[in-house]
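# Structure assessment
Here are the chains, one letter per residue:
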Amino acid sequence: MNEVLKAIKERRSIRKYKSDMLPKEIIDQVIESGLFAASGKGQQSPIIISVTNKELRNKLSRMNCEIGGWKEGFDPFFNAPVVLVVLAPKDWANKAYDGSLVMGNMMLAAHALNIGSCWINRARQEFETEEGKEILKSLGIEGEYEGIGHCILGYVDGEYPSVPARKANRVYYVD
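A quick note: this is a predicted structure, and the numbers were derived from the prediction, not measured. (Residues numbered from 1 in each chain as written. Predicted model: local features only at pLDDT ≥ 70, side-chain atom pairs only at ≥ 80, totals over all residues. Heavy atoms only, no water.)

Once that is clear, we can look at the overall build of the protein chain. Within the protein chain one finds 6 helices and 4 strands. Across the protein chain, helices and strands are ordered from the amino to the carboxyl terminus as α-α-β-α-β-α-β-α-α-β. Since a compact globule built from 175 residues should have a radius of gyration of about 16 Å, the 17 Å found for the protein chain is in line with a globular shape. A principal-axis box enclosing the C-alpha atoms of the protein chain has dimensions of 50 × 40 × 35 Å. Counting every position in the protein chain, which comprises 175 residues, the buried fraction comes to 41%. (Helix = DSSP H or I, 4+ residues; strand = E, 2+ residues; numbered from the N terminus. Rg over C-alpha atoms; globule rule 2.2 N^0.38 Å. Buried < 20%, exposed > 50% of the residue type's maximum accessible area, 1.4 Å probe, protein only.)

Note on placement: Arg12 falls in the loop between α1 (3-10) and α2 (24-35). Comment: no salt bridge for buried Arg12; closest opposite-charge side chain is Glu10, at 8.7 Å. Within the structure, the side chain of Arg12 is placed 3.4 Å from the backbone oxygen of Lys9, a separation counted as a polar contact. Setting aside chain neighbours within four positions, we find Arg12 in contact with Ser117, Tyr160, Pro161, Ser162, Val163, Pro164 and Arg166. (Lys, Arg positive; Asp, Glu negative; His and termini not counted. Salt bridge = Lys/Arg side-chain N within 4 Å of Asp/Glu carboxyl O. Polar contact = N/O pair within 3.5 Å; in protein donor to acceptor, adjacent residues only side chain to side chain. Contact = heavy atoms within 4.5 Å.)

UniProt annotation of "domain: Nitroreductase" (unreviewed entry) refers to residues 8-62 and 75-155 when read in the numbering used here. Counting secondary structure, residues 8-62 comes out at 44% helix and 9% strand; the distance between its end C-alpha atoms is 31 Å. Along residues 75-155 the backbone is 41% helical and 28% strand, and the end-to-end C-alpha distance reaches 16 Å. (UniProt positions renumbered as here; feature names shortened; annotations may be inferred.)

Let us now look at the sheet that holds strand β1 (residues 47-51). As summarised here, the arrangement of the 4 strands in space is β1-β2-β4-β3, forming an open sheet in which the pairing is antiparallel. Single-partner strands in this sheet number two, and they are β1 and β3 (116-120). Each strand axis lies, on average, 25° off the axis of its neighbour in the sheet, ignoring direction. Pairing geometry for β3 and strand β4 (residues 145-154), over 5 bridges, is antiparallel. Considered in β4, the bridge of Cys118 is made with Ile152. Where α2 meets the sheet, its contacts fall on β1, β2 (82-89) and β4, and the angle it forms with β1 comes to roughly 165°. (Pairing = 2+ DSSP bridges. Axes fitted to C-alpha atoms, helices over the stretch in contact; angles between N-to-C directions.)

Take the pairing of β2 next. Where burial is concerned, most of β2 is hidden: 8 out of the 8 residues are buried. Note: β1 against β2, 5 bridges, orientation antiparallel. Bridge pairing in β2 places Ile49 opposite Val85. By the bridge criterion, 8 bridges tie β2 to β4 in an arrangement that is antiparallel. From the neighbouring strand, Ala88 faces β4, where its bridge partner is Glu146.

Put into structure tokens, the structure is as follows:
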């Protein structure tokens, strides 16, 4: 089977990670795959923030936990040491689509590199807050951006999930 098709069929969301940091070369390969995602009018508008700094990673986790309504101390990033935040210009009509393609490419690339990944929501809400806006400002990111998602990465802690059967009756052919 074609390797791309195989990765698409086998990739699963991982929700338990070892705390070991990934090599920068692996992170960069995953990011590069996101930069090659298709985008509306070829604008390449989404940006990616690579967070390996434990302090910032934990701040984002805390913010995400609060927005999600979980008990203090819950880690919505499941101990993953790397968080790739995807944002897109707030005024771009295709922001959600373009950012989603970036996220998908990165998750597939991670799987192809034997790295676990998962899409974590609530990036939009995080970066709408004053704290989120301050984070962007502190990183030198100017302009109005909307959070699309967090692509968490790390080494899988435990068994890799099996592939569930696909639901029937989801395709309609018109000949």
